[in-house]
Amino acid sequence: MKHKCKICGIEKDVTQFVKHRSGGPYEPWNLRYCKQCSHDKYCERASSLEKRENMKAASSSWKERNPDKHAEINSRWYRANKEKARAGAKLRYAISKGRAERRSCEVCGTKAQAHHDSYEAGKELDVRWLCQDHHKAWHMILDQVGTAGDVGKRFQAFLDSYK
């Protein structure tokens, strides 16, 4: 099923769109912007340090005013993503005990986040360290081509594209 983005005007498959917060189906009434335009819009909003600080302050303020809603949102995420939560907790514990080490981005060398290629038991410490921008870019590639095949070769090609 195809839908036209309200920003770029390009007709794309509905899975390339951000769904409305209601979490409903991929239906025309529930789609607004394609993922790329949504990402660009976010980057534009968060581009300056002042804007980023304002966004953090607004988020913190909302959390303080709505602790019950914030707790419910977190609880819902943990229930829906048990494997991710478990893997993240095990990695944080291993870092705190010195069994794993936080590293810099494998692409650009800046402050990094952990990316798990697999959440299987025993693979919680097998992570790629990517900064926020490269982590998002890697997920966009995985969303486009899927996780089937040799992820290692695909990641090497991803690294090579930045050289």
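Residues numbered from 1 in each chain as written. Predicted model: local features only at pLDDT ≥ 70, side-chain atom pairs only at ≥ 80, totals over all residues. Heavy atoms only, no water.

1. With respect to the overall build of the protein chain
Counting its secondary structure elements, the protein chain contains 6 helices and 6 strands. Shown N-terminal to C-terminal, the secondary structure of the protein chain runs as helices and strands in the order β-β-β-β-α-α-α-α-β-β-α-α. Buried positions account for 23% of the 163 residues belonging to the protein chain. Long-range pairs, those at least 24 residues apart, make up 36% of the contacts in the protein chain between residues at least 6 apart in sequence. When the accessible area of the protein chain is evaluated, it comes to approximately 11,600 Å², of which 51% is carbon and sulfur surface. (Helix = DSSP H or I, 4+ residues; strand = E, 2+ residues; numbered from the N terminus. Buried < 20%, exposed > 50% of the residue type's maximum accessible area, 1.4 Å probe, protein only. Contact = heavy atoms within 4.5 Å. Areas by Shrake-Rupley, 256 points an atom, 1.4 Å probe, with all protein chains shown as cover.)

2. Section: the pairing of strand E6 (residues 127-130)
Of the two faces of E6, the one holding Val-127 and Trp-129 and the one holding Arg-128 and Leu-130 are both buried throughout. Here strand E5 (residues 113-116) pairs with E6 via 4 bridges, running antiparallel. Along E6, the bridge assignment pairs Ala-114 with Trp-129. (Pairing = 2+ DSSP bridges.)

3. Some thoughts on helix H5 (residues 132-145)
The end-to-end C-alpha separation of H5 is 20 Å, in line with the 20 Å expected for 14 residues at 1.5 Å each. Listed as buried for H5 are His-134, His-135, Ala-137, Trp-138 and Leu-142. Mapping the buried residues of H5 onto a view down its axis gives an arc of 165°, with all of them on the same face. Relative to its buried face, H5 has exposed residues pointing more than 90 degrees away, namely Asp-133, Asp-143 and Gln-144. (Expected span 1.5 Å × (residues − 1). Arc of directions from axis to C-beta.)

4. Focus on the packing of aromatic side chains
For the coordinates displayed, the defined rule picks out 2 aromatic pairs. Relative to Tyr-78, the ring of Trp-77 has its centre 5.1 Å away and its plane inclined at 90°; by these criteria the two rings are edge-to-face. Plain terms: the ring middles of Trp-138 and Phe-155 are 5.0 Å apart, the flat faces sit at 85° to each other, and that makes the pair edge-to-face. Of this pair, Trp-138 sits in helix H5 while Phe-155 sits in helix H6 (residues 151-160), and the two are 17 residues apart along the sequence. A residue is classified by how much of its surface remains accessible, and Trp-138, at 0% relative accessible area, is buried. Relative accessible area serves as the criterion here: at 3%, Phe-155 is assigned to the buried category. Stacked on the ring of Phe-155, the Lys or Arg Arg-128 has its end atom at 4.0 Å from the ring centre. (Phe/Tyr/Trp six-rings, centres within 6.5 Å; stacked < 30°, edge-to-face > 60°. Lys NZ or Arg CZ within 6 Å of the ring centre and 35° of its normal.)

On their own, these measurements won't tell you what the molecule is for.
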